[in-house]
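Working through the structure, step by step
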Amino acid sequence: MAVTWYPGHMHKAQKLIKEVMPQVDLVIEVMDARIPFSSENPVVKELRGPRPCLKVLNKSDLADPAVTAEWLQYFSQQKDVRAIALTTTRKGETRKILGLCREMVPLRVQRGEPVRTMVMGIPNVGKSTLINALAGRAIAKVGDEPAVTKQQQRISLGNGIVLSDTPGILWPRMEDQNSGHRLAVTGAIKNAAITFEDIAVYAGEFLLQHYPQALMTRYKLNELPAEATELIEGIGRKRGCLRPGGVLDLHKAAEILLKELRAGKLGGISLETPAIFAALAKEREESESTLSSED
Ligand SMILES: Nc1nc2c(ncn2[C@@H]2O[C@H](COP(=O)(O)OP(=O)(O)OP(=O)(O)O)[C@@H](O)[C@H]2O)c(=O)[nH]1
Ligand SMILES: [Mg+2]
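Residue positions are given per chain, counting from 1 as you read along its sequence in written order. Note on labels: chains are lettered from A, ligands numbered from 1, in written order. With pLDDT at 70 or above as the cut-off, local features in this predicted model cover only qualifying residues; side-chain atom pairs require 80 or more to be listed or tallied, and sums for whole chains, interfaces and linings still use all residues. Excluding hydrogens and water, the side-chain figures rest on all heavy atoms present in the structure.

**Notes on the packing of helix 10 (residues 228-238) against helix 11 (residues 250-262)**
For any two helices packed against each other, one specifies the inter-axial angle together with the distance between the axes. Every axis in this analysis is a line fitted to C-alpha atoms, fitted for helices over the stretch in contact. Angles between the N-to-C directions lie between 0 and 180 degrees. Labels follow the DSSP assignment, with helices taken as runs of H or I lasting at least four residues and strands as runs of E lasting at least two, numbered in each case from the N terminus. Contact geometry of helix 10 with helix 11 gives a least axis separation of 8 Å together with a crossing angle of 95°. Classified by the interaxial angle, the pair formed by helix 10 and helix 11 is roughly perpendicular. Contacts between helix 10 and helix 11 pair L231, I232, E233, I235 and G236 from the former with L250, A253, A254, I256 and L257 from the latter. A class-by-class count of the residues in the contact of helix 10 with helix 11 yields eight nonpolar, one polar and one charged. Angle categories are assigned with fixed cut-offs, so that under 35 degrees is roughly parallel, over 145 is roughly antiparallel, 65 to 115 is roughly perpendicular, and the rest are oblique. Here, two residues are considered to be in contact whenever any of their heavy atoms come within 4.5 Å of each other. Each residue is assigned to one of three groups, with Ala, Val, Leu, Ile, Met, Phe, Trp, Tyr, Cys and Pro labelled nonpolar, Asp, Glu, Lys and Arg labelled charged, and all others, Gly among them, labelled polar.

Encoded structure:
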């Protein structure tokens, strides 16, 4: 199922969230640890207003632990924000969240009132998996296709914490093409505008630059290819991706790279670091100030 983001839907989601926000004490924002920048919804901050936010860097089993540590540090410097890295598919890990929720809203706990939390996040980051793990039973539908959850759920965890799902579907950051590509690499969006081969080439280029050793090891390469297309051809040859007549099946080779990357077969890979975004923000600021000085 493809997710299409259009202004009407984005407007409706914001309206629904604004309606329920007065009954929320704490926002739990689930993100993908491999792409914390691109998997963050740009309006959550504005929608939650002064409420504290617990950022969950989920799927940390697939991310680079050193980079995840940098992101945790980065988010913890933000006002009213705490951050935790999780793998919600691993049993038992998610319980850590409960203590944090109580710590972040001490007044309600002191008054013996329930801490009302809302789980927010873009499609496919693991919101339903998190809710089910916390509830200890399957109440939300889990799937590897984006936008599986359609109905809002509200459950009491029985220890003073109430959990609800976001009403409506939140969209990812879409301001630049690179975010779109990184989201596609992780499988978070299925965008008809980006072909499968394009996604694999983007992933290949990134891996050649940042994780060459992981590629060498996984695909038993003797030499590092100079370009992503060469890498994909090499994978095709190693794995015998041949069409009738002995022609290399590049689509098949691209599929192998993406599937294995998404399944964590190349080890922990993070596609975004806080440093990259600090540099981008600075660049943007500088170009804006140049533009305004030219006025
Ligand atoms: N490797 C890994 N996979 C995970 C983790 N958490 C969730 N997943 C997988 O990610 C996919 C999406 O999980 P869901 O819980 O359905 O995600 P969601 O955010 O509820 O998605 P929507 O309902 O579409 O918005 C499923 O295939 C999960 O098994 C994790 O910590 N690690
Ligand atoms: Mg869901």
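The structure having been displayed, the exposition proceeds.
**A closer look at unusual backbone geometry**
The backbone of D80 shows a phi angle near 60°, a positive value even though the residue is not glycine. Positionally, D80 belongs in the loop between helix 3 (65-76) and strand 3 (81-85). The backbone of N124 sits at a positive phi, close to 75°, despite the residue not being glycine.

**Let's talk about the pattern of salt bridges**
Between side chains of opposite charge, pairing is possible as soon as their charged atoms come close. We count a salt bridge whenever a side-chain nitrogen from Lys or Arg sits within 4 Å of a carboxyl oxygen from Asp or Glu. Following the criterion strictly, the structure yields 17 salt bridges and no others. As a salt-bridge pair, D32 and R34 come within 2.7 Å of each other at their nearest N and O atoms. Pair check on accessibility: D32 and R34 agree, each one buried. E113 is the partner of R108 in a salt bridge, and the nearest nitrogen-oxygen pair spans 3.3 Å. For every residue, the accessible area (1.4 Å probe, protein chains only) is compared with the maximum for its type, and the residue is labelled buried under 20%, exposed over 50%, or partly exposed between those bounds. The class for R108 is buried, based on a relative accessible area of 14%. Taken together, the shared-partner salt bridges connect D25, R108, R111, E113 and R116 into one network.

**Here's the deal with the environment of H9**
Note that H9 resides in helix 1 (residues 7-20). Overall, H9 belongs to the buried group, its relative accessible area being 15%. Sequence spacing of H9 and I35 is 26 residues, and the spatial spacing of their C-alpha atoms is 24 Å. There is a polar contact of 3.1 Å between the side chain of H9 and the backbone oxygen of I169. Whenever two N or O atoms come within 3.5 Å, that pair is a polar contact, provided that in protein one can donate a hydrogen and the other can accept it, and provided that, for residues adjacent in sequence, both atoms are side-chain atoms.

**Regarding the sheet that holds strand 5 (residues 154-156)**
Pairing between two strands is assigned when DSSP locates at least 2 bridges connecting them. If you trace the six strands from one edge of the open sheet to the other, you get 3-2-1-4-6-5, paired in mixed fashion. If you trace the sheet from one side to the other, it starts and ends with strand 3 and strand 5, each paired once. With strand direction ignored, the average angle separating the axes of adjacent strands in the sheet is 20°. Running over the sheet, helix 3 touches strand 1 (26-32), strand 2 (53-58) and strand 3 and is turned about 165° from strand 3.

**What about the packing of aromatic side chains?**
Any pair of Phe, Tyr and Trp rings, taking the six-membered ring for Trp, is counted once the centres come within 6.5 Å. Such a pair is stacked with planes under 30 degrees apart, edge-to-face with planes over 60 apart, and tilted for the rest. One pass over the structure, following the stated rule, counts six aromatic pairs. A centroid spacing of 6.2 Å and a plane angle of 40° characterise the contact between W71 and F277, whose relative ring orientation is tilted. Here the residue W71 occupies a position in helix 3, and F277 occupies one in helix 12 (residues 274-294), the gap between them amounting to 206 residues. Each member of the pair W71 and F277 is classed as buried. For the pair F206 and Y211, a centre-to-centre distance of 6.2 Å together with 45° between the ring planes defines the contact as tilted. Grouping residues by exposure puts F206 and Y211 together as buried. One aromatic cluster is present, formed by F37, W71, Y74, F75 and F277 through successive ring pairs. A ring is scored as having a charge over it whenever the NZ atom of a lysine or the CZ atom of an arginine sits within 6 Å of its centre and within 35 degrees of its normal. Over the aromatic face of F37 sits the side chain of R173, whose NZ or CZ is 4.2 Å from the ring centroid.

**Structural notes on helix 1**
Given 3.6 residues to a turn, an α-helix orients residues that are three or four positions apart in the same direction. Over its 14 residues, helix 1 extends 20 Å from the first C-alpha to the last, a length consistent with the 20 Å expected when each residue adds 1.5 Å. Along helix 1, the residues classified as buried are H9, A13, Q14, I17 and V20. Viewed along the axis of helix 1, the buried residues span an arc of 135°, placing them on a single side of the element. Opposite its buried face, helix 1 presents the exposed residues P7, H11, K12, K15 and K18, each directed more than 90 degrees away. Residues of helix 1 that are buried sit in contact with helix 2 (44-48) and strand 4 (115-120). In a helix, the anticipated span is given by 1.5 Å times the number of residues less one. The arc refers to the directions leading from the helix axis to the C-beta atoms.

**Things to note about the domain arrangement of the chain**
Domain delimitation follows an automatic or database domain assignment. Domain parsing of the chain yields domain 1 (7-165) and domain 2 (195-284). On a C-alpha basis, the centres of domain 1 and domain 2 stand 31 Å from each other. Between domain 1 and domain 2, the residue contacts involve 14 residues of the former and 13 residues of the latter. Two parts placed together each lose some accessible area under a 1.4 Å probe, and adding up what both lose gives the buried area. Both faces considered, domain 1 and domain 2 share a buried interface measuring about 1100 Å² in area, 59% of it formed by carbon and sulfur atoms. Inspection of the region where domain 1 meets domain 2 yields zero salt bridges. Counting the contacts that link domain 1 with domain 2 gives eight residue pairs in polar contact (both at pLDDT 80 or more).

**As for helix 4 (residues 96-104)**
Every buried residue of helix 4 is listed here: I97, L98, L100, C101 and M104. Each buried residue of helix 4 lies within a common arc of 165° when the element is viewed along its axis, so the set occupies one face.

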